[in-house]
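Survey of secondary and tertiary structure
Below, each chain spelled out in residue letters.
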Amino acid sequence: MGQLSIAAQDGIKAAALGKPGRLTIDLSAMRRNYSKVSAIVRPAHATAVVKANAYGLGAIPVSRALYEEGCRHFFVAQYEEADDLRPALPGDAQIFILNGLQPGNERACAQNGIIPVLNSLDQLKLWADAARRSRHVLKAVLQFDTGMSRLGFPQNEQVLLAETLQDYWNVEILFVMSHLASADESESEQNGLQLEELNRITRKFPNLPICFANSGGVFLGEDYHASLVRPGIAVYGGAPTAGTPNPMEPVVTLEVAVVQTRSVPAGTRVGYGGVHMTTSTRRLATLGAGYADGLPRSLSDRGAVYYGDLRLPIVGRVSMDSMTIDVTEVPEGALRLGSLVEVVGPHQTLEDVAEAANTISYEILTRLGDRYHREYR
Ligand SMILES: *Cc1c(COP(=O)(O)O)cnc(C)c1O
């Protein structure tokens, strides 16, 4: 029980800070995950995908820690993210924008040394014009669509691209890339088809390095490693492959604070809509975090949190800033105002929460938001 009282103390601390709970990010574990990926793909290099604030974990602390681990390539999705990250990293770190250019930000991009992933002839043209105006050779990455139909040069632009590139001597292509649609499903035939298509395309660019695999792709085998891999979720401790044990170390612990407890008789309605009704006398605790803190409303009446080894079901609907759990199993008085319960941690993985919420670990992570007290270890 000693541990519980420490948790309660810390809970009181988080609550005292006026926060819904505590989000702990284990940067050492994250670094070991990055190293593990690097070792698996060697001699290929591991880059890092730090888009969406490094999946919600903090793009700056995460990127700095990965830089120390040897990472030199960082992918974000939007120009603004790159602009925020640029001053936080040493000059030899390269920052790439996956969504490429939007009309109007090519000049800032060029001035700040940020490298767009060019996905279309429109984006290539914007970048070549910026290069001409700046009188500098500007670096870029070319992305090809190999079957996902999301981003990258589609097949029908590829011939024109080869011709156009010759005129654009002021755009220097660092490497080519593509993205796998089903890498987390190791049995999916789409993986092999995309690899074949990539090989067909890259034969036309024999001197350029190739960047292909995301986290799932790293675990599809050597054929997928090419020159550079682009892991995201695996570095953050999420499972890279569905349906197999997760080889990565957990990085995130999320605990939320109790704000009120009560005992209710049978037949009591709980939460919005009164969709939950107790069938016996229960003890309930209200937690000070809700869907505005990234705890999906789809966990209503189906998810759970943990107190030590005890599973405490979420009862009724998750509200914006609070939700109610059934704590009847917990010894009376143990859980009180300021106590912390575990949402993600040793008893419940990100994938467990995601499954209960009918979503994926990525969405749980990226939605956690900035109201929690954050501790980096
Ligand atoms: C998000 C993203 C990644 C990282 O994917 P994970 O599955 O998190 O490893 C890699 N490449 C592209 C193009 C992406 O959009």
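These figures come from a predicted structure and were not determined experimentally.

**Overview of the site of the ligand**
Taken together, 14 residues are adjacent to the ligand, and Lys 51, Tyr 55, Ser 215, Ile 233 and Tyr 362 come closest. One of the side-chain nitrogen or oxygen atoms of Arg 150 is found 3.2 Å away from an oxygen atom of the ligand. Taking Tyr 362, its side chain carries an N or O atom lying 2.6 Å from an oxygen atom of the ligand. Here the residues of the shell around the ligand sort into 7 nonpolar, 4 polar and 3 charged.

**Re the domain arrangement of the protein chain**
According to the domain assignment, the protein chain contains domain 1 (6-24 + 250-376) and domain 2 (27-229). Between the C-alpha centres of domain 1 and domain 2 there is a distance of 38 Å. At the junction of the two partners, domain 1 supplies 8 residues and domain 2 supplies 10 residues. Between domain 1 and domain 2 lies a buried interface of about 850 Å² when both sides are counted; carbon and sulfur atoms form 69% of it. The interface formed by domain 1 and domain 2 holds 3 residue pairs in polar contact (both at pLDDT 80 or more) in total. Every element with two or more residues in the side of domain 1 that touches domain 2 is listed here: helix H12 (361-367) and strand S19 (373-376). For the side of domain 1 that touches domain 2, the residue count by class is 6 nonpolar, 1 polar and 1 charged.

**Here we look at the packing of helix H2 (residues 27-41) against helix H4 (residues 59-68)**
Packing of H2 against H4 leaves a shortest axis separation of 10 Å and a crossing angle of 50 degrees. By the angle between their directions, the pair H2 and H4 is classed as oblique. Considering only the axes of H2 and H4, their crossing is right-handed. Between H2, through Leu 27, Met 30, Arg 31 and Tyr 34, and H4, the contact on the second element is made entirely by Pro 61, Val 62, Ala 65, Leu 66 and Glu 68. Tallied by class, the residues present in the contact of H2 with H4 amount to 7 nonpolar, no polar and 2 charged.

**Here we look at the environment of Gly 237**
Relative to the elements of secondary structure, Gly 237 occurs in the loop between strand S10 (228-229) and strand S11 (252-264). Residue Gly 237 is classed as buried on the basis of its relative accessible area, which comes to 9%. In the structure, Gly 237 is positioned 11 residues away from Met 248 in sequence and 5.3 Å away in space, judged by C-alpha atoms. Apart from the residues lying within four places of it in its own chain, the contact partners of Gly 237 are Asn 33, Asn 246, Met 248, Glu 249, Pro 250 and Val 251.

**Describing helix H8 (residues 158-167)**
Structurally, the α-helix is built with 3.6 residues per turn, so residues lying three or four positions apart point the same way. Turning to H8, its buried residues number three or more, namely Gln 158, Leu 161, Thr 164 and Leu 165. Buried residues of H8 fall within an arc of 110 degrees about the axis and therefore sit on the same side. Exposed side chains of H8 directed beyond 90 degrees from the buried face belong to Val 159, Gln 166 and Asp 167. Elements in contact with the buried residues of H8: helix H7 (121-134), strand S7 (138-143), strand S8 (171-177) and helix H9 (189-202).

**Details of the nonpolar core**
Grouped together as the largest cluster of nonpolar side chains are 115 residues, with contacts concentrated most on Phe 74, Leu 142 and Tyr 236. For this core, the leading source of residues is H7, giving 7 residues. Shared between two domains, this core takes at least three residues from each, and those domains are domain 1 (6-24 + 250-376) and domain 2 (27-229). Those residues in contact with Phe 74, other than ones at most four positions away along the chain, are Ala 48, Val 50, Ser 63, Leu 66, Tyr 67, Leu 85, Leu 89, Ala 93, Gln 94, Ile 95 and Phe 96.

**Describing the packing of aromatic side chains**
Tallied over the entire structure, the rule returns 8 aromatic pairs. Ring geometry for Tyr 55 against Tyr 362: centres 6.0 Å apart, planes inclined by 35 degrees, an arrangement best described as tilted. Of the two residues, Tyr 55 sits in helix H3 (residues 51-55) while Tyr 362 sits in helix H12, which places them 307 residues apart along the sequence. You can call Tyr 55 buried: its relative accessible area is 5%. For the pair Phe 144 and Phe 153, a centre-to-centre distance of 6.0 Å together with 45 degrees between the ring planes defines the contact as tilted. Of the two residues, Phe 144 and Phe 153, neither departs from the other in class, the shared state being buried. Here a set of aromatic residues connected by ring pairs shows up, and it is made of Tyr 55, Tyr 236 and Tyr 362.

Reading guide: rules and limits
- Residues numbered from 1 in each chain as written.
- Predicted model: local features only at pLDDT ≥ 70, side-chain atom pairs only at ≥ 80, totals over all residues.
- Heavy atoms only, no water.
- Near = heavy atom within 4 Å.
- Polar contact = N/O pair within 3.5 Å; in protein donor to acceptor, adjacent residues only side chain to side chain.
- Nonpolar A, V, L, I, M, F, W, Y, C, P; charged D, E, K, R; others polar.
- Domains from an automatic or database assignment.
- Contact = heavy atoms within 4.5 Å.
- Buried area = accessible area lost by both parts, 1.4 Å probe.
- Helix = DSSP H or I, 4+ residues; strand = E, 2+ residues; numbered from the N terminus.
- Axes fitted to C-alpha atoms, helices over the stretch in contact; angles between N-to-C directions.
- Parallel < 35°, antiparallel > 145°, perpendicular 65-115°, else oblique.
- Left-handed = near helix turned anticlockwise from the far one by under 90°.
- Buried < 20%, exposed > 50% of the residue type's maximum accessible area, 1.4 Å probe, protein only.
- Arc of directions from axis to C-beta.
- Core = buried A, V, L, I, M, F, W, Y, C linked by side-chain atoms within 4.5 Å.
- Phe/Tyr/Trp six-rings, centres within 6.5 Å; stacked < 30°, edge-to-face > 60°.

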